[in-house]
Amino acid sequence: MTDDAWFAGLAPGDVAGAAAAVRDGRADTPRDWPALAVDAGFADSETDYYAALREATLTATREAVTERERADDVQLSHAVRATDDLERTANELAERLAEWAGSQFADAGSGVEYAREVAARDPETPTEDRIVSLATRVVDLADERDRARVYVERRAPEVAPNLTTLAGPVLAARLIALAGGLEPLAKMPSGTVQVLGAEDALFAHLQGRAPSPKHGIIFTHEYVRGTRPADRGSAARAVAGKLAIAARIDHYSGELRPEVERDLDERMETIRAREGSE
Amino acid sequence: MSLPDGVAVHEFEGGEGLATQGPPVYGEPTDGPWRRWNPHRSKLGATFELGLDTGLAGGDRVLYLGAASGTTASHVADFAGPTYAVEFAPRPARDLLDVAEARETLFPLLKDARRPETYAHVVESSLDAIVQDVATRGQARVACVNRQFLGPDGRLVAAIKARSEDVTREPADVFADVLAELESEYRVLETARLEPFHADHLAVVAEPR
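Given the structure is predicted, the values throughout are model-derived calculations rather than measurements.

Asker: Would you mind going over the overall build of chain A in detail, with residue names and values included?
Answerer: Check the secondary structure of chain A and you find 14 helices and 0 strands. The C-alpha radius of gyration computed for chain A amounts to 27 Å, which surpasses the reference 19 Å derived for 278 residues by more than 25%, pointing to a less compact arrangement than a globule. By principal-axis analysis of the C-alpha atoms, chain A measures approximately 85 × 65 × 40 Å. Sorting the 278 residues of chain A into buried and exposed places 37% on the buried side. For chain A, the share of sequence-separated contacts (at least 6 apart) that also reach a separation of at least 24 residues comes to 55%.

Structure, rendered in structure tokens:
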């Protein structure tokens, strides 16, 4: 029986069909496929079989890799990381620029705004050429950061509508990036979501050197950061729980379910009410 | 050191080292047809370097689990026969594809080594060896569920990473548990810690029961 072989029913030379069979097929047990393929007339010889298998696996794996890498959650992860890199790089270069420009121009300043002022100048010496040119790079980086952020803000609701509703586009994208994709995020227990981005603190805790971290990147959520420290653990737990549920809905159904946000709002009202009761 | 045909200790500029013959992959030193096999970048390379008797032979049919970007899989395909390289993550698999393109019988598969039913329709039975280097929890289980691909005289050559099982436990305790679980499907022939090449890794050579 060769019904479940990847080459079952394939005409020799049908590379697309072979690749699809490699990707989607399955079998309960492996068999001596090379010999069976020769018996079945799919290949003239074992060498011939391996040549066909090579083409099929290369094509199938290239297709699968491309598909997975192009997936929207992967693009969103790249975009949010690029936003962070652009921000960091722009600020770093802006500092260098401020020092250098301060040695040449009277109107010293700092940051990207100062870079914009310097970039608008007419350079009059070779030194000023370099300084103004550097300022232009800083401005370009900052502008690109803004465009990357707009991209994240536009794409996050498409990739993960419920997560974006609860967390905002940037935090949603960061959570997806830290988890390694929407599917891995959807499969995480909420306790893991709660400390995503706090891996160093978590490992220190697991090795007995530190208390358990209360929150990772979700600290940037208004419901965590804006809650008084004594209640932040509860807030982080509540937020992480709802974010985990939102990610699951996004991965498995993709429909927007406003009640998740309402549930979180109600829970947070209860937590924050403690403040007044003491 | 017992090396398979096709693997040799070769004299390179700057000292001698393990080597195979094949197209270069990661900027490793070459000398004529020989390319250096860096044991610091390859757990199987370190296993050879430490002198374990892996039972691997030139021309073997191999299932490689956890091929990653193909650094080690490329050396295996150089000395072995048909080599099925399973990798789960798309990014390293992209590099693995380039390594496979340059070779005749290295078959890349984007599959999950914990689910052999998703590649048993492609990977043949009665293989000579499984080489395993999967950085996931449940490494013993991966070896056990893939035993079905091995012939009766086959060999499992695995690198077990303690940190993948549990970062908080003593590696020695983790290894003891992994070996105990392996014993349900395999007879363990030889083990060795891979220090100084790889921290908290155990090389395991085993045969199917």
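Asker: I'd love a proper account of the packing of helix H1 (residues 15-24) of chain A against helix H3 (residues 46-70) of chain A, names of residues and values included.
Answerer: Residue and element names in this part refer to chain A. The interhelical angle for the contact between H1 and H3, taken along N-to-C directions, is 70 degrees, at an axis separation of 8 Å. The pairing of H1 with H3 is recorded here as roughly perpendicular in orientation. As for how H1 packs across H3, the hand of that crossing is right-handed. Residues Val-15, Ala-18, Ala-19, Val-22 and Arg-23 of H1 touch H3, and the partners they reach there are Ala-52, Glu-55, Ala-56, Thr-57, Thr-59, Ala-60, Glu-63 and Ala-64. Split into classes, the residues belonging to the contact of H1 with H3 amount to 8 nonpolar, 2 polar and 3 charged.

Asker: Tell me about the interface of chain A and chain B, and name the residues and values.
Answerer: With 28 residues of chain A at the contact, the number on the chain B side is 26 residues. For the side of chain A that touches chain B, the secondary structure elements donating two or more residues are helix H2 (33-39), H3 and helix H11 (199-206) of chain A. In terms of residue count, the dominant contributor to the side of chain A that touches chain B is H3(A) (11 residues). Across the side of chain A that touches chain B, the residue classes break down as 14 nonpolar, 5 polar and 9 charged.

Asker: Run through the sheet that holds strand E7 (residues 106-110) of chain B, naming residues and quoting values.
Answerer: Residues and elements named next belong to chain B. One open sheet accounts for 7 strands, arranged E7-E6-E5-E8-E9-E11-E10; its pairing is mixed. The open sheet terminates on both sides in strands that have one partner only, identified here as E7 and strand E10 (186-193). Averaged over all pairs of adjacent strands, the angle between strand axes in this sheet comes to 15 degrees, irrespective of strand direction. Both E10 and strand E11 (residues 201-208) contribute to a ladder of 7 bridges, which runs antiparallel. Counted as the bridge partner of Ala-192 is Ala-203 from E11.

Cut-off values and rules
- Residues numbered from 1 in each chain as written.
- Chains lettered and ligands numbered in written order.
- Predicted model: local features only at pLDDT ≥ 70, side-chain atom pairs only at ≥ 80, totals over all residues.
- Helix = DSSP H or I, 4+ residues; strand = E, 2+ residues; numbered from the N terminus.
- Rg over C-alpha atoms; globule rule 2.2 N^0.38 Å.
- Buried ≥ 20, exposed ≤ 12 C-beta atoms within 10 Å, placed from the backbone.
- Contact = placed C-beta atoms within 7 Å.
- Axes fitted to C-alpha atoms, helices over the stretch in contact; angles between N-to-C directions.
- Parallel < 35°, antiparallel > 145°, perpendicular 65-115°, else oblique.
- Left-handed = near helix turned anticlockwise from the far one by under 90°.
- Nonpolar A, V, L, I, M, F, W, Y, C, P; charged D, E, K, R; others polar.
- Pairing = 2+ DSSP bridges.

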